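The chain contents come next:
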Amino acid sequence: MTTTAINWFEIPVRDMDRAQRFYETLLGTTLRREQIGPNALAVFGYDEPATGGALVMGDGYAPGADGPLVYLACGEAIDAALGRLEAAGGRVVMPKVTLPAGMGCYAHVADSEGNRVGLHAMR
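Our subject in this report is the structure included herewith.

Cut-offs and rules
Residues numbered from 1 in each chain as written. Predicted model: local features only at pLDDT ≥ 70, side-chain atom pairs only at ≥ 80, totals over all residues. Heavy atoms only, no water. Core = buried A, V, L, I, M, F, W, Y, C linked by side-chain atoms within 4.5 Å. Buried < 20%, exposed > 50% of the residue type's maximum accessible area, 1.4 Å probe, protein only. Helix = DSSP H or I, 4+ residues; strand = E, 2+ residues; numbered from the N terminus. Contact = heavy atoms within 4.5 Å. Pairing = 2+ DSSP bridges. Axes fitted to C-alpha atoms, helices over the stretch in contact; angles between N-to-C directions.

Core analysis: the largest hydrophobic core is formed by 26 residues, its most contacted members being Tyr 23, Leu 27, Phe 44, Leu 55, Leu 72 and Leu 119. Elements with a contribution of two residues or more to this core: strand E1 (8–12), helix H1 (16–27), strand E3 (39–43), helix H2 (78–88), strand E7 (105–110) and strand E8 (116–121). Considering every element that reaches this core, the biggest residue donor is H1, with six residues. Those residues in contact with Leu 72, other than ones at most four positions away along the chain, are Phe 9, Tyr 23, Leu 27, Phe 44, Val 117, Gly 118, Leu 119 and His 120.

Shown next as C-alpha coordinates:
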(Lines give C-alpha, C1' and ligand atoms only; values in the text may rest on other atoms or scores of the structure.)
Protein backbone atom coordinates (compact mmCIF):
# COMPACT_ATOMS: atom_id res chain seq x y z
CA MET A 1 0.00 0.00 0.00
CA THR A 2 1.25 3.49 -0.91
CA THR A 3 1.07 6.10 1.85
CA THR A 4 0.68 9.77 0.96
CA ALA A 5 0.07 12.87 3.03
CA ILE A 6 -3.07 13.71 1.04
CA ASN A 7 -5.72 11.33 -0.30
CA TRP A 8 -8.19 13.82 -1.77
CA PHE A 9 -8.82 17.55 -1.90
CA GLU A 10 -11.91 19.66 -2.47
CA ILE A 11 -12.01 23.29 -3.58
CA PRO A 12 -15.30 24.94 -2.54
CA VAL A 13 -17.20 26.90 -5.20
CA ARG A 14 -20.38 28.99 -5.41
CA ASP A 15 -20.90 28.76 -9.18
CA MET A 16 -19.89 25.35 -10.57
CA ASP A 17 -20.09 26.32 -14.25
CA ARG A 18 -17.90 29.40 -13.71
CA ALA A 19 -15.39 27.54 -11.52
CA GLN A 20 -15.16 24.59 -13.90
CA ARG A 21 -14.52 26.95 -16.86
CA PHE A 22 -11.83 28.72 -14.79
CA TYR A 23 -9.87 25.55 -13.94
CA GLU A 24 -10.29 23.97 -17.37
CA THR A 25 -9.01 27.17 -19.00
CA LEU A 26 -6.21 27.73 -16.50
CA LEU A 27 -4.87 24.16 -16.58
CA GLY A 28 -5.81 23.27 -20.17
CA THR A 29 -7.73 20.18 -19.05
CA THR A 30 -11.26 18.79 -18.71
CA LEU A 31 -13.00 18.14 -15.39
CA ARG A 32 -15.61 15.38 -15.00
CA ARG A 33 -19.00 16.33 -13.46
CA GLU A 34 -20.47 14.11 -10.74
CA GLN A 35 -23.25 14.34 -8.18
CA ILE A 36 -22.47 12.72 -4.81
CA GLY A 37 -25.44 12.93 -2.49
CA PRO A 38 -26.45 16.60 -2.28
CA ASN A 39 -23.07 17.86 -3.57
CA ALA A 40 -22.14 18.75 -7.13
CA LEU A 41 -18.54 17.96 -8.07
CA ALA A 42 -16.20 18.60 -11.00
CA VAL A 43 -13.38 16.08 -10.64
CA PHE A 44 -9.80 16.74 -11.77
CA GLY A 45 -8.28 13.93 -13.85
CA TYR A 46 -5.69 11.79 -12.08
CA ASP A 47 -3.95 8.43 -12.44
CA GLU A 48 -3.94 5.90 -9.60
CA PRO A 49 -2.32 5.92 -7.10
CA ALA A 50 -1.94 9.70 -7.33
CA THR A 51 -3.96 12.08 -5.20
CA GLY A 52 -7.28 13.16 -6.68
CA GLY A 53 -9.57 16.06 -6.02
CA ALA A 54 -12.57 18.06 -7.14
CA LEU A 55 -14.40 21.33 -7.14
CA VAL A 56 -17.37 20.92 -4.79
CA MET A 57 -20.58 22.90 -4.33
CA GLY A 58 -23.00 22.16 -1.50
CA ASP A 59 -24.09 23.03 2.02
CA GLY A 60 -21.15 23.58 4.33
CA TYR A 61 -18.72 24.47 1.51
CA ALA A 62 -17.71 28.14 1.35
CA PRO A 63 -14.90 29.49 -0.82
CA GLY A 64 -12.23 31.57 0.88
CA ALA A 65 -8.68 32.83 0.65
CA ASP A 66 -7.62 31.81 4.16
CA GLY A 67 -8.19 28.05 4.09
CA PRO A 68 -5.73 25.28 3.29
CA LEU A 69 -3.50 25.86 0.26
CA VAL A 70 -3.59 23.22 -2.47
CA TYR A 71 -0.90 23.18 -5.18
CA LEU A 72 -2.07 22.05 -8.62
CA ALA A 73 0.31 20.72 -11.25
CA CYS A 74 0.15 22.91 -14.33
CA GLY A 75 2.33 21.02 -16.78
CA GLU A 76 5.98 21.58 -17.54
CA ALA A 77 5.93 25.40 -17.55
CA ILE A 78 4.01 27.64 -15.13
CA ASP A 79 4.16 30.67 -17.46
CA ALA A 80 1.58 29.16 -19.83
CA ALA A 81 -0.97 28.77 -17.00
CA LEU A 82 -0.22 32.24 -15.64
CA GLY A 83 -0.72 33.61 -19.16
CA ARG A 84 -4.28 32.19 -19.19
CA LEU A 85 -5.10 33.27 -15.63
CA GLU A 86 -6.63 36.72 -16.14
CA ALA A 87 -8.74 35.68 -19.14
CA ALA A 88 -10.06 32.76 -17.06
CA GLY A 89 -11.23 35.16 -14.34
CA GLY A 90 -8.39 34.86 -11.82
CA ARG A 91 -5.52 37.00 -10.59
CA VAL A 92 -1.98 36.53 -9.30
CA VAL A 93 -1.65 36.65 -5.50
CA MET A 94 2.06 35.71 -5.33
CA PRO A 95 4.14 35.91 -8.52
CA LYS A 96 6.23 33.01 -9.79
CA VAL A 97 8.96 31.91 -7.38
CA THR A 98 11.81 29.63 -8.49
CA LEU A 99 12.61 26.89 -6.00
CA PRO A 100 16.17 25.71 -5.30
CA ALA A 101 17.85 22.49 -6.46
CA GLY A 102 15.73 21.86 -9.56
CA MET A 103 12.47 21.62 -7.60
CA GLY A 104 10.65 23.80 -10.13
CA CYS A 105 8.64 26.92 -9.42
CA TYR A 106 5.33 27.97 -7.95
CA ALA A 107 2.87 30.85 -7.78
CA HIS A 108 -0.28 31.60 -5.81
CA VAL A 109 -3.43 32.68 -7.65
CA ALA A 110 -6.99 33.63 -6.73
CA ASP A 111 -9.55 31.58 -8.64
CA SER A 112 -12.93 32.70 -9.95
CA GLU A 113 -14.53 31.88 -6.58
CA GLY A 114 -12.06 33.77 -4.34
CA ASN A 115 -10.01 30.72 -3.27
CA ARG A 116 -6.21 31.01 -3.04
CA VAL A 117 -4.63 28.13 -4.99
CA GLY A 118 -1.00 27.26 -5.62
CA LEU A 119 0.34 26.31 -9.03
CA HIS A 120 3.51 24.23 -9.48
CA ALA A 121 5.60 23.31 -12.53
CA MET A 122 9.18 22.26 -13.18
CA ARG A 123 9.92 25.52 -15.02
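Right, let's get into the sheet that holds strand E5 (residues 71–73). Judged by pairing direction, the sheet is mixed, and its four strands sit side by side in the order E5-E8-E7-E6 without closing on themselves. Looking at which strands have only one partner, the edges of the open sheet turn out to be E5 and strand E6 (91–98). Direction aside, neighbouring strands of the sheet carry axes that sit 25° apart on average. Where E6 and E7 come together, five bridges link them in antiparallel fashion. Residue pairing for E7: Arg 91 is matched across the bridge by Ala 110. Against the sheet, H2 makes contact with E6, E7 and E8, and its axis sits at roughly 15° relative to E7, the strand it touches most.

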